[in-house]
Structures are given as structure tokens and as C-alpha cells.
Amino acid sequence: MGNTVSFTKDTYNKDEPIIIYGASVYGELAYLALERLGLTPTYFCDRSKSKKEYFGIGVINPDMLEDFREANILIASADFFHEIKQMLEEQRCLHLFDMAELLDMDLPREKMSNRALEMYANKRSYIDIVKNQSKGDLIFNRIQFVVTERCSLKCLDCSHLMQYYQQPQDFELCKYKEAFDCLVEQADYIAELRILGGEPFMNRDMGKVIAWYHDNRKIQSISVYTNGTIVPGEDILRELQKDNVKVHISNYGINEEQIKKTVKVFEEKNIEYFVRRYDSWQDTGSIAYRNYTLEEKKEIFGRCFERNGYAFLKGKLYRCPRVAHAMNLHAMPDVKEDYVDLLNWNGTKEELKKQLKSLQGRLWLEGCNYCGGPDNHTQSIPAARQISKPIVYETIDT
Ligand code: SF4
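For every chain, the first residue of its written sequence is number 1, and the numbers climb from 1 along that sequence. Only residues with pLDDT of at least 70 are given local features in this predicted model, and only at 80 or more are side-chain atom pairs given and counted; all residues enter the totals for whole chains, interfaces and linings.

Trainee: Describe the pairing of strand S9 (residues 189–196), listing the residues and the values that go with them.
Mentor: Successive side chains on a regular strand alternate, one facing one side of the sheet and the next facing the other. Once C-beta atoms are placed from the backbone, each residue is buried if 20 or more other C-beta atoms lie within 10 Å of its own, exposed if 12 or fewer, and partly exposed for counts between those two. Note on conventions: DSSP H or I runs of at least 4 residues are helices, E runs of at least 2 residues are strands, and numbering of each starts at the N terminus. In terms of burial, S9 is a largely internal element, 7 of the 8 residues being buried. We call two strands paired when DSSP finds no fewer than two bridges between them. Across 7 bridges, the pairing between strand S8 (residues 139–146) and S9 is parallel. Each residue of the ladder has a partner; that of Val 146, found in S9, is Leu 196. Here the term right-handed applies to a crossover when the path leading from its first strand over the helix to its second strand runs clockwise, the strands being oriented away from the viewer. The parallel pair S8 and S9 is bridged by helix H6 (residues 173–186), and the resulting crossover is right-handed.

See below:
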């Protein structure tokens, strides 16, 4: 299959409609870029059944693309770029476009949502993924390096399951460096290395991850996701000052004063940061076993926006952070197909690459049996409701 064509004023077919595939944040950027070119899409297309309109434009379901095989379809997603492209090719859609040139334009930041601003700052990831699209390389849009189980908040509904840790610990990062090196060696490209917890600044050694990988040519950018409650120490601040390092602060409206203090320090130190306000989350449900059928697991996984959220936890690479924590908590059995054990790898490099590609090709995880599935169909709940004690749960002998 061929590569997509970069959408410009000259490359699309003016007699056919323009459809933006992806009614989310990249869809917003695509819409703004088209607006700058004086163009309006006819439709957005998205798997979400609840979204009927986006920017006042109708949202159609992917099944409806059968009637638009000649349309100009613009793929507005980085995480799922390859999946969407393959699906459109299977549906015999003839004119597939990417946003690489559109993202290179000077887009109106004042019109962007906070999330779109973050993505626009990180547009290199999308562009590089597009460039590497048909080489069969091992590419990760993001890998989350989990540095701690500890968090400074106690959220009842944390989708990464922090509320279940009875005695949360920081991870000894040096112990897992070699395993992560092994992963980076096999990967051809990692668009974003995300440092994550719990609350990553709880682990005073977290700056080491930036120091180790900042200059690695395979890693495009490093970001840290924090709740903004902790001003990190000087050694971490020094690492955060490096170029291509960004801090993302989640503001749940319950720690505004602490966030202000953190932001003030970041301003003084010239650290690049974004603050995003969350009033609601999608309910991913408890850690309980759900006994889904295979078809149900495929369905829930296929709709999940975390399904490419690769998480590296204690030397293992999981397909999603929730499964990583569910296994770490012994809340589900140790299902070897759901991860690649880099710490204890004793095969050849070729076998490892094959194993990593096979993880990328998974269409469901056993871990999905312990999840309500974060997608646009699940119920919205207030973000970051606090509890006083960890939730007691049943552990499984593995
Ligand atoms: S549905 Fe599956 S892939 Fe998605 S968050 Fe839940 S466990 Fe992870």
C-alpha cells in the first residue's frame, strides 16, 4: 500500500468532498488549517457514536465512508494513524491525505483549545509518524515510563488504578534502565517519551530518565505529566529546562494554589509547560473481573483511546498503563501475552523485535476483562474525587 499524500491547496481533488477522519484534537487542528486555506470540510468522520457534530459540521460513522470512496480523506490522528490508514485502504477509499504540510503552517493559536495547543507544540510527532509510514519500522507514538506508584492526590476513579495501592512505592529507576535501553535499541522511532506516575515528582530520581534519554536520536520529545501539586527539586528543574522537554499539568480545580506556585517556578526557570483543566473523566470502572467474551474484549479494546498508550513498568512493556498497574497490583493474573518482559529477555534481538511487533498487533488484551473501557461511550464522572484511604481489593496468586 502506498503512502498518504500531504494535503495542500494543490494536492486535493476539488470536485470531491473533504472529510476529516478524527473528530478530536487533531481534527480541530485540521479544521483550523483548512479554514486558513479558505476550505470547509463536508464531514468529520469518527467512531464515536455520541458525537453528532464537531465545529458545527456533521460527524459520520466510518461505515458510511463506503458512499465516499472518491472523497479527500484527511487522517487527523497520530496515535491511530496507521490503523486508520489501513482501515480506509480496506474500505477502498481512494484519496488518503495526511496533515504534515497543514501542521507546518502557522495556525491561529488564539483559536485553539488548550489540548490543541499542546498537540500543535508537539506536531513533530505526527509529521515523523507520517514520514515513516511505510517502512515497516517499529514506531511508537508514545511510551509512558512509569516512575512511581505514589501520588500526592487520592482520586477515587484514577484510570491507572493508583487508588488501589495500599503501600505505594517509588521505583528504583537504575534497575530498569538496561531494559529500557533494550527497548529503545529495538525501536526505530519514539515520538514521545512520557514520564508518568502516580505523581512523577514524588520520585526524586525521575530527572534521571530525562538525563539518560534526552539526547537519544530515536526519541523525539520528552514530557512529564503531573498534577502540579509538587514543586520539584533543583536537579529535576535543571532537566526540565532542556529543550524538547515539556511539562503537562492536569488541573482538577482542587489544587489551584499549589499549581500557581509550581507554574511560577516554571516561569522563572523558563520551563515549557501546559496547564489543562479537567472537570470530568470517562468512567473506566472498578478493577473487578468482567468475564467478557472474546468479541466483547475486541469491541472494548477497539474503541479504547488508551489502547496505544504503551507503558513501561518495572522492566516490562505493556500495551496500556491500566493493564500494567492491574498486573503490578496482582489484581489480575500474569498474562504473558499482554506484555513484553524486557528485564528478563533471553532471546535474540530479532526475536525481541518480533515480540514487540506482535504486542503492537494485538486486537484485545486479557487485561481488558478488568476494565470498563475509556472511550466516548462510557459515562462522564467528576474528575479527581478524593478518598481518604486506598480501596481494598482481592489479589490473585500468580
Ligand atoms: S479497555 Fe483495555 S486497553 Fe483500554 S484501558 Fe481498558 S484495559 Fe487498557
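Resuming the write-up.
Trainee: Before we move on, could you go through the pairing of strand S6 (residues 72–75) and cite the residues and values that matter?
Mentor: Along S6, one buried face is formed by Asn 72 and Leu 74 and the opposite face, lined by Ile 73 and Ile 75, is buried too. Judged from the 4 bridges that link them, strand S2 (residues 18–21) and S6 form a sheet pairing that is parallel. Along S6, the bridge assignment pairs Tyr 21 with Ile 75. Relative to strand S7 (residues 95–98), S6 runs parallel, the two being bridged by 3 bridges. Within S7, the residue paired with Ile 73 across the bridge is Leu 96.

Trainee: Give me the domain arrangement of the chain: which residues, what numbers.
Mentor: In this entry, domain limits derive from an automatic or database-based domain assignment. Under the domain assignment used here, the chain contains domain 1 (5–131) and domain 2 (139–382). Using only C-alpha atoms to locate each centre, domain 1 and domain 2 end up separated by 27 Å. Throughout, a residue-residue contact means that the two C-beta atoms, derived from backbone geometry, are no farther apart than 7 Å. Across the contact, 18 residues belong to domain 1 and 15 residues belong to domain 2. When contributions to the side of domain 1 that touches domain 2 are tallied by element, the ones reaching two or more residues are helix H4 (114–121) and helix H5 (123–131). Ten residue types, Ala, Val, Leu, Ile, Met, Phe, Trp, Tyr, Cys and Pro, are classed as nonpolar, four, Asp, Glu, Lys and Arg, as charged, and the remainder, Gly among them, as polar. Grouping the amino acids of the side of domain 1 that touches domain 2 by side-chain chemistry returns 5 nonpolar, 5 polar and 8 charged.

Trainee: Please set out the sheet that holds S6 residue by residue, giving values where relevant.
Mentor: The 7 strands are arranged S1-S7-S6-S2-S3-S5-S4 in an open sheet whose pairing can be described as mixed. Two strands bound the open sheet, and with one partner strand each, they are strand S1 (5–6) and strand S4 (53–54). Relative to strand S5 (residues 57–60), S4 runs antiparallel, the two being bridged by 2 bridges. The residue of S5 that forms the bridge with Tyr 54 is Ile 57. The convention used is that axes are lines fitted to C-alpha atoms, helices contributing only their stretch in contact, and that angles between N-to-C directions extend from 0 to 180 degrees. Most of the contacts of helix H1 (residues 25–36) go to S2, to which it runs at about 150°, and overall it touches S2, strand S3 (43–45), S4 and S6. Across the face of the sheet, helix H2 (residues 81–90) comes into contact with S2, S6 and S7 while running at roughly 160° to S6.

Trainee: Please provide a residue-by-residue account of the environment of Val 247, values included.
Mentor: Within the element layout of this structure, Val 247 appears in strand S11 (residues 245–251). With 217 residues separating them in the primary sequence, Val 247 and Ala 30 have C-alpha atoms 24 Å apart. Not counting residues up to four positions away in its chain, the partners in contact with Val 247 are Val 224, Thr 226, Leu 240, Phe 266, Ile 271 and Tyr 273.

Trainee: So, helix H9 (residues 256–268): which residues are in play, and what are the values?
Mentor: Side chains three or four residues apart in an α-helix point the same way, a direct result of the helix having 3.6 residues per turn. With 13 residues, H9 extends 18 Å from end C-alpha to end C-alpha; this agrees with the ideal 18 Å at 1.5 Å per step. Every buried residue belonging to H9 is among Ile 259, Thr 262 and Phe 266, and all of these are buried. When H9 is viewed along its axis, its buried side chains cluster within an angular range of 65° and face the same direction. Exposed side chains of H9 directed beyond 90 degrees from the buried face belong to Glu 257, Lys 260, Lys 264, Glu 267 and Glu 268. Residues of H9 that are buried sit in contact with S11 and strand S12 (273–277). Helix span, as expected, comes to 1.5 Å for every residue beyond the first. Throughout, the arc means that of the directions going from the helix axis to the C-beta atoms.

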